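So you can see what is in the structure, the chains are spelled out below.
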Amino acid sequence: MGESTVKMQAGRTAPPSPFADEAAMVTDAHTEERGDAHIDTDTAAGTTAGPTHTTDTAGATVDAPVEPTQPVTDTPTWLSRLQSLRSPRRPRIWFEILLIAVSYWTYSLIRNAVPEQKTKALENADWIWRMEHHLGIAVEQSVNHALNSVTWLIVGMNYYYATLHFIVTIGVLIWLFRRHPGRYAAARLVLFATTAVALVGYYFYPLAPPRLMTGGHFIDTVVHHQTWGSMASGNLKSMSNQYAAMPSMHIGWSLWCGLIIFALAKAPWAKILGLLYPAATLLVIVATANHFWLDAVGGMICLTFGFAVSYAWYGALPHRLPRRVERPEPTARVIASPASDKGCSR
């Protein structure tokens, strides 16, 4: 029986053994695992993998270069958002109108909510007046009386005080928005920070303007000439805090306008007008008896603080930033699917 079995199998090929195939599969699996582990180890160590071998359509083996792998570092979400906020961007008109309107409403609300400490404000005004006499700059009364005698001039100054404070400031903001959008946000931050710190002065240092001093012999030019528009005198004085004279935001805002125009305008006449505007504003606030000289100094200090805040946030002064910010082009992401890979190989 054994011999016949041997003879039958001698003339034909034996079928493949399932046990041998199973052993080969196990061996291949171990080999692939060792290869994968080797590649992972190299990648984690930051080494450059060697060229991989691919087969072209003709069946020849070619070397495909492999780009060096680099460790991936994830930036925290809050840090990336902070960096995006600090980068100049194109302003949006609807957002800017809403922001300015809400900011000015908040400023007026807080300024007028400061308690009108009349007694303390008059005491501070007397101290300022004595200090200016000591410094030899107490000429506000002489300027007030001299210009009040020229009716057309002082009436024009009353309207100047009531209107240009807003018109010129808004005009400069619009000009920045249209012609210098890359610098707009930084310049706007200067203005906002200047105004915000002024509220601190209104709260902690109430000050009566010269026209409200007792025994100061100043002329309230708005009341004297019955001009309209000023919330500092006349029928509208109940709408505004009368004892928030330090610092002078007429100087803070006009000097902001003048410096921005001087730094960014190209025409020489525009630069000259930019410098003349805060100088004329200084003369107006004194001639109309709304501020002392030292109130103007307080406005300049607030503006310096505003520029410092903008510089700390953007890393440069507004005129040093790029004039325009280009919109980033959308990046197209191409994801290769296995089906597309098969189609390309055919």
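From a predicted model like this one, the values you see are computed outputs, not experimental measurements.

Parameters and conventions
All residue numbers refer to position in the chain's written sequence, counted from 1. Confidence filtering applies because this is a predicted model: local features only for residues at pLDDT of at least 70, side-chain atom pairs given and counted only at 80 or more, and all residues used for totals across whole chains, interfaces and linings. Side-chain descriptors were evaluated using all non-hydrogen atoms of the structure, hydrogens and water having been removed beforehand. Only DSSP runs of H or I reaching four residues or more are called helices, and only runs of E reaching two or more are called strands; each is numbered from the N terminus. Exposure categories follow from relative accessible area, calculated using a 1.4 Å probe and restricted to protein chains: below 20% of the type maximum is buried, above 50% is exposed, and the middle band is partly exposed. Residues count as neighbours in contact if any of their non-hydrogen atoms are within 4.5 Å of one another. Put simply, a nonpolar core is a bunch of buried Ala, Val, Leu, Ile, Met, Phe, Trp, Tyr and Cys residues held in one set by side-chain atoms that sit within 4.5 Å of each other. Throughout this description, the term salt bridge denotes a Lys or Arg side-chain nitrogen within 4 Å of a carboxyl oxygen of Asp or Glu.

Trainee: What is the right way to read the overall build of the protein from this model?
Mentor: Helices and strands together make up the secondary structure of the protein, namely 13 helices and two strands. Counting every position in the protein, which comprises 346 residues, the buried fraction comes to 34%. Across the protein, the fraction of contacts at a sequence separation of at least 24, relative to all contacts at a separation of at least 6, is 80%.

Trainee: Would you take a moment to explain the nonpolar core for this structure?
Mentor: Side chains that are nonpolar tend, in soluble globular proteins, to be buried together. Counting residues in each nonpolar core, the largest one holds 39 residues, and the members touching the most others are Val172, Leu176, Tyr202, Met249, Trp256 and Ile260. When residues of this core are traced back to their parent elements, those giving at least two are helix H6 (140–148), helix H7 (151–179), helix H8 (181–204), helix H10 (249–264), helix H11 (268–287) and helix H12 (293–314). With nine residues, the single largest contributor to this core is H10. Dropping the residues within four chain positions of it, Met249 is found in contact with Tyr107, His165, Thr194, Thr195, Ala198, Tyr202, Ser254, Gly299 and Cys302. Leu122, Trp129, Ala245 and Leu294 belong to the second-largest nonpolar core, a separate cluster that totals 16 residues.

Trainee: Even after reading the chapter, I still don't get the pattern of salt bridges, so can you show me in this structure?
Mentor: Should their charged atoms come close, side chains of opposite charge can pair. Within this structure, the stated rule accounts for two salt bridges. The residue Glu96 makes a salt bridge to Arg188 at a minimum N-O spacing of 2.7 Å. In this pair, Glu96 is assigned in helix H4 (residues 93–113) and Arg188 in helix H8, connecting sequence segments 92 residues apart. The buried category is assigned to Arg188, whose relative accessible area is 13%. With a closest N to O distance of 3.6 Å, Arg211 and Asp220 form a salt bridge. Accessibility expressed as a relative area gives 11% for Arg211, which makes it buried.

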